[in-house]
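# Remarks on the overall topology
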Amino acid sequence: MLRNSVVLCAASLVALALAPLSPAAAAAYRVETGQTHIDFAIGAKGYPVTKGEFHRFNASVAIDAAAPAKSQVAFDVAAASIDTHAPLLDDYVRGAGFLDTAHHPGIAFHSTTVRQMNDRTVELAGNLSLLGVTRPETFRVTVTPEGTAFRLVAQGEIRRSDFGMTGGLPLVSDTVTITVSTLALAQ
């Protein structure tokens, strides 16, 4: 469920590709790790919503402002870097019923298409790999220019059972909400 956060972060980065930029061709951007939050939320019957984040990731972003569809994003997240602020829960979620980090240490997202919705919003589609399953997923990304940088907020939902993550069903929700906020800097 936490691996899905990676997808949102990747969505955020692709949003850069569609934001109003100078007419330069393809440009590389650096994700500011200190200003990046890969968050998730999931409900469970009889319990408050569980929220958490992932702390370790790598990303690469190439943006073509003249042809946003040519922009690319690749994102890799360390599944074991999950943090719900409850160490026992973190250990449980790292286990076989959820993230199974012993056998699937990473979560990956690779963009396939970017579609501009309006001046500040893009739709980012790509392949999310989680628990050895790769599926297409789509996220909405809001882009806010900050000088030569961009503040990106990607949001979306995935069904964890689509990736074989069935631990806790039906008491633990199948839907995981993902929000990734980041600052991308021109290199």
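All figures in this text were calculated on a predicted structure; none of them were measured in a lab.

Regarding its fold elements, the protein presents 2 helices and 11 strands. Listing the helices and strands of the protein from first to last along the sequence gives α-β-β-β-β-β-β-α-β-β-β-β-β. Out of the 187 residues in the protein, the part that is buried amounts to 45%. Pairs at least 24 apart in sequence give 64% of the contacts found in the protein among residues at least 6 apart.

The next point concerns the packing of aromatic side chains. In total, this model carries 5 aromatic pairs according to the counting rule given. Arranged with centres 6.2 Å apart and planes meeting at 50°, the rings of Phe 40 and Phe 54 form a pair that is tilted. Linking Phe 40 in strand β2 (residues 37–44) with Phe 54 in strand β3 (residues 47–54), this pair joins segments that are 14 residues apart in sequence. Judged by relative accessible area, Phe 54 falls into the buried class, the value being 2%.

Moving on, we get to the confidence of the model for the protein. The predicted coordinates ought not to be read in detail in places where the model reports low pLDDT. Summarising the model, the protein shows a mean pLDDT of 84, and 84% of its residues fall at 70 or more. Strand β6 (residues 82–83) holds the highest mean pLDDT among the elements of the protein, 98, whereas helix α1 (residues 4–18) holds the lowest, 39. Here residues 1–24 is a poorly scored stretch, pLDDT under 50, and it has 121 contacts once near neighbours within four places are set aside; other chains count.

Right, let's get into the environment of Ala 28. Of note, Ala 28 is situated in strand β1 (residues 26–31). Owing to a relative accessible area of 39%, Ala 28 belongs among the partly exposed residues under this scheme. Residues Ala 28 and Gln 72, 44 residues apart in the sequence, show an inter-C-alpha distance of 9.7 Å.

Following the criterion strictly, the structure yields 8 salt bridges and no others. Notably, a salt bridge pairs Glu 137 with Arg 135, separated by 3.9 Å at the nearest N-O pair. Its salt-bridge partner being Glu 146, residue Arg 151 comes within 3.3 Å of it at the nearest N-O pair. Taking relative accessible area as the criterion, Arg 151 reaches 23% and is therefore assigned partly exposed. Taken together, the shared-partner salt bridges connect Arg 135, Glu 137, Arg 159, Asp 162 and Asp 174 into one network.

The rules behind these values
- Counting from 1, residues in each chain are numbered in the order their sequence is written.
- Restriction of local features to residues with pLDDT of at least 70 applies here, the model being predicted, together with a cutoff of 80 or more for giving and counting side-chain atom pairs; totals for whole chains, interfaces and linings are based on all residues.
- As a rule here, side-chain values come from all non-hydrogen atoms in the structure, and water together with hydrogens is ignored.
- Numbering of helices and strands starts at the N terminus; helices are DSSP runs of H or I of at least 4 residues and strands are runs of E of at least 2.
- Burial classification: accessible surface area is computed with a 1.4 Å probe over protein chains only, and a residue below 20% of its type maximum counts as buried, one above 50% as exposed, and the rest as partly exposed.
- By definition, residues are in contact when any of their heavy atoms lie within 4.5 Å.
- Pairing of aromatic rings covers Phe, Tyr and Trp, the last counted by its six-membered ring, and requires centre-to-centre distances within 6.5 Å; plane angles under 30 degrees mean stacked, over 60 mean edge-to-face, and any other angle means tilted.
- As a per-residue measure, pLDDT reflects the predictor's confidence and takes values from 0 up to 100.
- Any carboxyl oxygen of Asp or Glu within 4 Å of a side-chain nitrogen of Lys or Arg constitutes a salt bridge here.

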